[in-house]
Amino acid sequence: MNTPWSPSSWRSKPVRYLPDDYPDLAALTRVEAELAKLPPLVTAAETRRLRDALGQVAQGKAFLLQGGDCAESFKEFAADNVRSTFQLLLQMAGVLTFAGGCPVVKVGRIAGQFAKPRSNATETVDGVTLPSYRGDIINGMDFNARERTPDPQRLLRAYHQSAETLQLVRALAREGYADLAQLLGHRPETEGAVRPVDFFTSHEALLLNVEQAMTRVDEATGDWYDTSAHMLWIGERTRQLEGGHVEFMRGIQNPIGLKCGPTMEADDLVRLIDTLNPQGIPGKLTLIGRFGSDQVAECLPRLMAATRRHGSPVVWSIDPMHGNTHKATNGYKTRSVARILAEVMAFLQIAAAEGVHPGGLHLEMTGQDVTECLGGPLDVSEDDLSSRYHTHCDPRLNATQALQLAFRVADGLHTVRAPQAHAA
Ligand SMILES: O=C[C@H](O)[C@H](O)COP(=O)(O)O
Ligand SMILES: C=C(OP(=O)(O)O)C(=O)O
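Rules of the game
- Residues numbered from 1 in each chain as written.
- Chains lettered and ligands numbered in written order.
- Predicted model: local features only at pLDDT ≥ 70, side-chain atom pairs only at ≥ 80, totals over all residues.
- Helix = DSSP H or I, 4+ residues; strand = E, 2+ residues; numbered from the N terminus.
- Expected span 1.5 Å × (residues − 1).
- Buried ≥ 20, exposed ≤ 12 C-beta atoms within 10 Å, placed from the backbone.
- Arc of directions from axis to C-beta.
- Contact = placed C-beta atoms within 7 Å.
- Pairing = 2+ DSSP bridges.
- Axes fitted to C-alpha atoms, helices over the stretch in contact; angles between N-to-C directions.
- UniProt positions renumbered as here; feature names shortened; annotations may be inferred.

When the terminal C-alpha atoms of helix 10 (residues 296–310) are compared, their 21 Å separation across 15 residues agrees well with the 21 Å that a helix rising 1.5 Å per residue should span. Val296, Cys299, Leu300, Leu303, Met304 and Thr307 are the residues of helix 10 that are buried. End-on view of helix 10: buried residues confined to an arc of 115 degrees, all on one side of the axis. Among the exposed residues of helix 10, those pointing more than 90 degrees away from its buried face are Glu298 and Arg309. The secondary structure elements touched by the buried residues of helix 10 are strand 9 (256–260), helix 9 (266–276), strand 10 (285–289), strand 11 (315–318) and helix 11 (337–354). Count one or two residues on from helix 10 and you reach Gly311, which has phi positive near 90 degrees.

What follows is about the sheet that holds strand 14 (residues 358–364). Strand order in this closed barrel of eight strands is 1-2-5-8-9-10-11-14, and the pairing throughout is parallel. Taken over all neighbouring pairs, the strand axes of this sheet differ in orientation by 25 degrees on average, direction set aside.

Glancing now at the UniProt feature "binding site: phosphoenolpyruvate" (unreviewed entry) in the protein. In the UniProt entry, the feature "binding site: phosphoenolpyruvate" (unreviewed entry) is given for Arg109, Glu236, Arg237, Lys259 and Arg290. Along the chain, the position of Arg237 falls in the loop between strand 8 (231–234) and helix 8 (244–249). Each residue touching Arg237, except ones within four places of it in the same chain, is listed here: Arg16, Tyr17 and Pro117. In this fold, Arg290 is placed in the loop between strand 10 and helix 10. Take Arg290: there are 24 C-beta atoms within 10 Å of it, and that puts it in the buried class. In this view, Arg290 contacts Glu236, Lys259, Cys260, Gly261, Asp319, His322 and Gly323; residues no more than four positions away in its chain are not counted.

Here we take up the pairing of strand 5 (residues 199–204). Counting buried residues in strand 5 gives six out of six residues, a clear majority hidden from the surface. What you see with strand 5 is no split at all: Phe199, Thr201 and His203 on one side and Phe200, Ser202 and Glu204 on the other are buried throughout. In this sheet, strand 5 lies alongside strand 2 (residues 104–109) in parallel orientation, the contact comprising four bridges. Bridging across to strand 5, Val107 finds its partner in Phe200.

What follows is the structure, given as structure tokens:
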């Protein structure tokens, strides 16, 4: 694609999943202009550091751990919640580093993960039909007409909450951690042993009007960076080659993710790679498979084979959440840890068979002790779901479930690497 790009060129393309029911469009335009004047949330230099770190993943020398809420919310925003998810990610990274034998790049679904592409535009309860809840950045979760009407002021509230979240995350990352013992809950023995950690932010780049407003020229390089997060990804529902989301993402220098679900064809994937990373920069593009444990064996090998033949240095990561959602018999939207584990293990085995580095894990998870996914070490049952089901959209792994997964992945990475180590 050699056509000129600008932060607003997506506006001339078909765009899916952007709300089109703001009652006052002039108010929306005013808020977009206000956002464009607010300070960047992240810097271009930090963003380049993440791209370089992901370049190491693309070369098989590191592993990507990306995780956090399905949807951040205004109501659940609290320092303790941010801290517990941050610490959980560090604990998991510790497990993966020690057992997997390579550095782990840590990226939160945090400080901007607010907008959700919903399967149905409307929801009907007791004969009343209203717009679906689409994330706190767009409308409210309560089932009444006022809450479900998109409100542009929510864009500003989400910006400010993201800024506060980032401030806390940056402080926590500076405090860093001393060693694995501290990660597992013990205090460091000496102050001097503390090491800062690199921690990055990410979210789905769904609301292109917001992403456009946050996109600025970096003085040092003259390049465009989306300063709303270090990494942005294109969702499964908005990855059309000719669509607005791909158009926007092809012009920014941030590392980007691309969700790849069961309907992704190898030819389309190659075209998307050529469009999104035409120069083949290592670390620029992360492919995030999300097929479901029952489809991964059928879908993933041909996509991995296509990227291997193509030769562009992509990171292959797996999101074992979004293809494994089902409704429990009591109506809760849930996921079973067994199926999540099965998809991740299949990913490791398929990557080994295709000669591709299994580069990362993308999870919806929280440090809070929720009961949203079934199974795990404490064997959450369908009857337990109602006790602590707090997610605003999709079910997340709780801390014990996420740590169990990290140990299993670390084991799996060790096993798939062992034959390569012997061969070397
Ligand atoms: O998180 C992703 C999507 O927004 C979500 O899976 C869609 O959920 P829904 O099918 O309940 O709309
Ligand atoms: C919507 C999401 O996933 P997907 O696009 O893969 O369905 C998500 O990760 O929040």
